Amino acid sequence: MKILRLILINLIFINTAHASVCTDYLSEIYSSQHGKKIEITQKNNEHTDKLEDRIGNRFVSSIVYGKARIRGLGKRQKTLNYACLMENDKKPLWGYIFSD
């Protein structure tokens, strides 16, 4: 039982999503689209679903999704949902913000 717990803990830390990578990637995309600095920061825990499949000619290892806050578009912060397709669990290939 102890070995199973250790394996699960290791899997959690190995497969935890890279919040700073996803939200940094989304911040860069939205900053360039709007021509001003837009900051997206993780609000809650994000989740990772393993995919390990090809989409077109690109390999996607996982899908990362969670909630974040966005600053820079208006006077107030907004809460939003986001998703990123990850290549090798380290490099975002595509990201999207879902409006509430």
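If you're wondering where the values come from, they're calculated on a predicted model, not measured in any experiment. (Residues numbered from 1 in each chain as written. Predicted model: local features only at pLDDT ≥ 70, side-chain atom pairs only at ≥ 80, totals over all residues. Heavy atoms only, no water.)

## As for the overall build of the protein
Formally: Strands are runs of DSSP state E lasting at least 2 residues, helices are runs of H or I lasting at least 4, and numbering of each runs from the N terminus. Burial here depends on accessible area, computed with a 1.4 Å probe over protein chains only, as a share of the maximum for the residue type. Under 20% is buried, over 50% is exposed, and the range in between is partly exposed. What makes two residues a contact is simply this: any of their non-hydrogen atoms within 4.5 Å. The method behind every accessible area is Shrake-Rupley, applied with a 1.4 Å probe, and residues are considered shielded solely by the protein chains displayed.
A tally of helices and strands in the protein yields two helices and five strands. The secondary structure elements of the protein, listed N-terminal to C-terminal, are α-α-β-β-β-β-β. Looking at the 100 residues of the protein, the share that counts as buried comes to 29%. The contacts in the protein between residues at least 6 apart in sequence include a share of 46% that link residues at least 24 apart. Roughly 7100 Å² of accessible area belongs to the protein as shown, and the carbon and sulfur atoms make up 54% of that amount.

## Things to note about the side chain of T23
Structurally, T23 is set in helix α2 (residues 19-34). Judged by relative accessible area, T23 falls into the buried class, the value being 4%. Once residues within four sequence positions are removed from consideration, T23 is found in contact with I40, T41, Q42 and Y82.

## Quick notes on a nonpolar patch on the surface
This is how it is decided: Each patch groups residues whose relative accessible area exceeds 30% and which form no salt bridge, using 9 Å between like charges and 5 Å between nonpolar side chains of Val, Leu, Ile, Met, Phe, Trp and Tyr. The term salt bridge refers to a pairing of a side-chain nitrogen on Lys or Arg with a carboxyl oxygen on Asp or Glu at a separation within 4 Å.
On the surface, W94, Y96 and F98 cluster together to form a nonpolar patch covering roughly 320 Å² of accessible area. On the secondary structure map, F98 appears in strand β5 (residues 91-98).

## A few points about the pattern of salt bridges
Following the criterion strictly, the structure yields three salt bridges and no others. With its nearest N and O atoms 3.0 Å apart, the salt bridge here joins R71 to E39. Here E39 lies in strand β1 (residues 39-42) and R71 lies in strand β3 (residues 58-71), a separation of 32 residues in the sequence. Among the residues examined, R71 registers a relative accessible area of 39% and is labelled partly exposed. Here E87 and R58 are joined by a salt bridge, their closest N and O atoms 3.8 Å apart. Of this pair, E87 sits in strand β4 (residues 78-87) while R58 sits in strand β3, and the two are 29 residues apart along the sequence. Each of R58, E87 and K91 takes part in a single network of salt bridges with overlapping partners.

## Quick look at unusual backbone geometry
Excluding glycine, residues mostly carry a negative phi; peptide bonds, for their part, are mostly trans. In this structure, E52 takes a positive phi of about 45 degrees despite not being glycine. Exposure remark for E52: the relative accessible area of 52% places this residue in the exposed category.

## Some details on the confidence of the model for the protein
Defined as follows: The predictor attaches a confidence to each residue, and that confidence, scored 0 to 100, is pLDDT.
Considering every residue of the protein, the mean pLDDT works out to 80; 80% of them sit at 70 or more. Looking over the protein, one finds the lowest element-wise mean pLDDT in helix α1 (residues 2-15), namely 53, and the highest in β5, namely 90. Low pLDDT, under 50, characterises residues 13-17; the predicted model gives this stretch eight contacts beyond four residues in sequence or across chains.

## Concerning the packing of aromatic side chains
Rule in force here: Under the pairing criterion, centres of Phe, Tyr and Trp rings, with the six-membered ring standing for Trp, must be within 6.5 Å; the plane angle then separates stacked pairs below 30 degrees from edge-to-face pairs above 60, leaving the rest tilted.
What the rule picks out here adds up to two aromatic pairs. Arranged with centres 6.0 Å apart and planes meeting at 5 degrees, the rings of W94 and Y96 form a pair that is stacked. Measuring from ring centre to ring centre gives 4.9 Å for Y96 and F98, while their planes differ by 70 degrees; the resulting arrangement is edge-to-face. In this structure Y96 comes out as partly exposed when scored by relative accessible area, which is 40%. Judged by relative accessible area, F98 falls into the partly exposed class, the value being 38%.

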